[in-house]
Amino acid sequence: MTVARRSRRFAYLTVAATFVLLAFFVLSSSPVLPPALRPASSGPLTATVLFDGVNIVNHDTVGSAIVTNFSGAFSTAFTWTPTGSGGLTVTQAEIQLFFFGTAIATSSGQFLKFGANSYTLSSDFTQNRYIYEGVYEIVATLSNNGTTLYSQGFYVWIQATDHLTIINIVLILLLILEVYEVAALGRMKIPKQPAAAPPSTPTTGAPPAGAPPSATTPPPAAPQGGAPPGGPSSDSSAGDTSDTTPPSGGT
Amino acid sequence: MAGGASGAGSGVVFGIALVLLIQQFGYLDFSSNLVNALVYIIIFAVVFGIIFGVIGRALKGRAMRKFEAATSSSSGTPPSVP
């Protein structure tokens, strides 16, 4: 198999694997409303959410993402007020981190305190700090037994120390590998040509200086009825080193 | 031909890896809108596939010309005879 064919096959396999991974992401994702359809706030209550002390209201675009990292635990403080006259019971607070429209990290807290109007959710995504970074959407949700009462999305810019994450390293290695693959297309090994035939030596002449004595000394005569001292192999090698017959035509 | 196909394959992978890396560095948002992310990925894959395909084809063609020149010149010269 040639180098070009091998590299082409590898490229096809890599592309196929990438698309399989993307298809897996798409197919395994639960149906999620796009951000435009996600209600900024549901009717039954109004709420204020502080992500690590920062109000999330003004961070609903990528450009205004809250800069953070996963090096430690962080808190999300929910404070809500029912809009109607009837009391509302909030039983769960949750935040979800989205990637490709899929929740890849979730932190939730369930509680049951009648009349309460605040809750602080403590989350810890430190297990992901060496996996990925970038701008992600987080959706903060308050619900009552599965019924969403409040939902608000905001953006965070997760920064890793020195961009040192597993995905970054793999992607950079992949970039280098692909550049090398293309650069290798321009290199083709030229096979070494067999050495040119040596100039023919005259059949009757002095041996060249420095020639081994075996080239000029005839092999010892084999005893009658027995094998030669060196065995058959030495006999054949003696025939190979004979200088009476040039390897290729000469005059 | 083979150089162009190999280069295009490498370019597609390069484009996908590059756009994902840009997202990792925080310049693109792939978190919420899947269609938007796929559009970015496809655009980068196609553009770099074309670029690398052209580069690969040119490099392969140049290497082939060098190879043919080297082989023809070496085989066409008879060995020197004293």
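Residues numbered from 1 in each chain as written. Chains lettered and ligands numbered in written order. Predicted model: local features only at pLDDT ≥ 70, side-chain atom pairs only at ≥ 80, totals over all residues. Heavy atoms only, no water.

Engineer: When you look at the overall build of chain B in this model, what are you seeing that I'm missing?
Structural biologist: The number of helices and strands found in chain B is two helices and zero strands. Here chain B holds 82 residues, and 41% of them are scored as buried. By sequence separation, contacts in chain B at least 24 residues apart represent 70% of the contacts at least 6 residues apart. Within the structure as shown, chain B displays about 4200 Å² of accessible surface, and the carbon and sulfur contribution to it stands at 72%. (Helix = DSSP H or I, 4+ residues; strand = E, 2+ residues; numbered from the N terminus. Buried < 20%, exposed > 50% of the residue type's maximum accessible area, 1.4 Å probe, protein only. Contact = heavy atoms within 4.5 Å. Areas by Shrake-Rupley, 256 points an atom, 1.4 Å probe, with all protein chains shown as cover.)

Engineer: Got a minute to help me understand the overall build of chain A in this structure?
Structural biologist: A count of helices and strands for chain A gives four helices and nine strands. Of all 251 residues assigned to chain A, the portion counted as buried reaches 30%. Total accessible area on chain A is roughly 15200 Å²; 61% of this is exposed by carbon and sulfur atoms.

Engineer: Mind showing me how you'd approach the packing of aromatic side chains here?
Structural biologist: Each pair of aromatic rings is reported with the distance of its centres and the angle of its planes. Throughout the structure, instances matching the rule amount to 15 aromatic pairs over all chains. Joined through ring pairs, the aromatic side chains of Phe51(A), Phe70(A), Phe74(A), Phe99(A), Phe100(A), Phe125(A), Tyr132(A), Tyr136(A), Phe154(A), Phe30(B) and Tyr40(B) make up one cluster. (Phe/Tyr/Trp six-rings, centres within 6.5 Å; stacked < 30°, edge-to-face > 60°.)

Engineer: Looking at this structure, how should I read a nonpolar patch on the surface?
Structural biologist: Where nonpolar side chains cluster on the molecular surface, the patch consists of Val35(B), Val39(B), Ile43(B), Val47(B), Ile51(B) and Ile55(B) and spans about 480 Å² of accessible area. Position of Val35(B) among the secondary structure elements: in helix H2 (residues 34–76). (Patch = residues over 30% accessible without salt bridge, like charges linked within 9 Å, V, L, I, M, F, W, Y side chains within 5 Å. Salt bridge = Lys/Arg side-chain N within 4 Å of Asp/Glu carboxyl O.)

Engineer: Sorry, what's going on with the packing of helix H2 (residues 166–185) of chain A against helix H1 (residues 2–24) of chain B here?
Structural biologist: A packed helix pair is summarised by two numbers, namely the angle formed by the two axes and the spacing between the axes. Running from N to C, H2(A) and H1(B) point in directions that differ by 160°, and their axes come no closer than 9 Å. Relative to H1(B), the element H2(A) is oriented roughly antiparallel. H1(B) is crossed by H2(A), and the crossing has left-handed handedness. Contacts from Ile167(A), Asn168(A), Leu171(A), Ile172(A), Leu174(A), Leu175(A), Glu178(A), Val179(A), Glu181(A), Val182(A) and Leu185(A) of H2(A) reach H1(B) at Gly3(B), Ser6(B), Gly7(B), Ser10(B), Val13(B), Phe14(B), Ala17(B), Leu18(B), Leu20(B), Leu21(B) and Gln24(B). (Axes fitted to C-alpha atoms, helices over the stretch in contact; angles between N-to-C directions. Parallel < 35°, antiparallel > 145°, perpendicular 65-115°, else oblique. Left-handed = near helix turned anticlockwise from the far one by under 90°.)

Engineer: Please clarify how the confidence of the model for chain B should be interpreted in this entry.
Structural biologist: Do not read the predicted coordinates in detail wherever pLDDT is low. Predicted confidence across chain B gives a mean pLDDT of 85, with 88% of residues reaching 70 or more. Here the predicted complex carries an ipTM of 0.84, next to a pTM of 0.62. (pLDDT = per-residue confidence, 0-100.)

Engineer: Please clarify how the side chain of Thr141(A) should be interpreted in this entry.
Structural biologist: All names here are of chain A. Relative to the assigned elements, Thr 141 resides in strand E8 (residues 134–144). Thr 141 sits in the buried class, given a relative accessible area of 11%. Not counting the four nearest positions on each side in its chain, Thr 141 is found in contact with Phe 78, Gln 92, Ala 93, Glu 94, Thr 148, Tyr 150 and Ser 151.

Engineer: I would appreciate a short explanation of the sheet that holds strand E2 (residues 54–55) of chain A in the present structure.
Structural biologist: A sheet is described by the order of its strands in space; here four strands give the open sequence E2-E1-E4-E7 (chain A), paired in antiparallel fashion. Among the strands making up the open sheet, the edge pair consists of E2 and strand E7 (118–123) of chain A. (Pairing = 2+ DSSP bridges.)

Engineer: What exactly am I supposed to notice about the confidence of the model for chain A here?
Structural biologist: Residue and element names in this part refer to chain A. Confidence in the prediction of chain A, expressed as mean pLDDT, is 72, and 55% of residues score 70 or more. Predicted confidence for residues 30–37 stays below pLDDT 50, and this span has seven contacts to residues more than four positions away or in other chains. Confidence over residues 209–251 falls short of pLDDT 50; this stretch has 13 contacts with residues more than four positions distant or in other chains.

Engineer: Explain the nonpolar core to me, please; I cannot follow it from the model alone.
Structural biologist: Across soluble globular proteins, nonpolar side chains have a tendency to be buried as a group. Phe78(A), Leu97(A) and Leu142(A) are the most contacted members of the largest nonpolar core, which has 47 residues in total. If you list the elements that add at least two residues to this core, you get strand E1 (45–51), strand E4 (74–82), strand E5 (92–99), E8, strand E9 (147–158) and H2 of chain A together with H1 and H2 of chain B. (Core = buried A, V, L, I, M, F, W, Y, C linked by side-chain atoms within 4.5 Å.)

Engineer: Whenever I open this one, the pairing of E8(A) confuses me. Can you help?
Structural biologist: Each regular strand shows side chains that alternate between the opposite faces of the sheet. Residue and element names in this part refer to chain A. With ten of eleven residues buried, E8 lies mostly within the body of the structure. As defined by bridge partners, E5 adjoins E8 across seven bridges and the pair is classed as antiparallel. Within the sheet, the bridge partner assigned to Gln 92 lies in E8 and is Ser 143. Of the strand pairs in this sheet, E8 and E9 are connected by eleven bridges, and their pairing is antiparallel. Bridged to Val 139 within E9 is Gly 153. Two successive antiparallel strands, E8 and E9, enclose a turn made up of two residues, where Asn 145 displays a positive phi of approximately 50°.

Engineer: How should I be thinking about H1(B) in this particular structure?
Structural biologist: One full turn of an α-helix is made of 3.6 residues, so residues set three or four places apart face in the same direction. When the terminal C-alpha atoms of H1(B) are compared, their 33 Å separation across 23 residues agrees well with the 33 Å that a helix rising 1.5 Å per residue should span. In the stretch just after H1(B), Gly26(B) is the one whose phi turns positive, near 90°. (Expected span 1.5 Å × (residues − 1).)

Engineer: So what exactly am I meant to see when it comes to unusual backbone geometry here?
Structural biologist: With the exception of glycine, the majority of residues adopt a negative phi angle, and the majority of peptide bonds are in the trans configuration. Residue and element names in this part refer to chain A. Backbone geometry at Asp 52 places phi at a positive 55°, although glycine is not the residue there. Counting through the fold element by element, Asp 52 comes out in the loop between E1 and E2. Of the residues examined, Asp 52 reaches a relative accessible area of 40% and is grouped as partly exposed. Despite not being glycine, His 163 shows a phi value in the positive range, around 55°. Mapping His 163 onto the fold places it in the loop between E9 and H2. On the accessibility criterion, His 163 (40% relative accessible area) is partly exposed.

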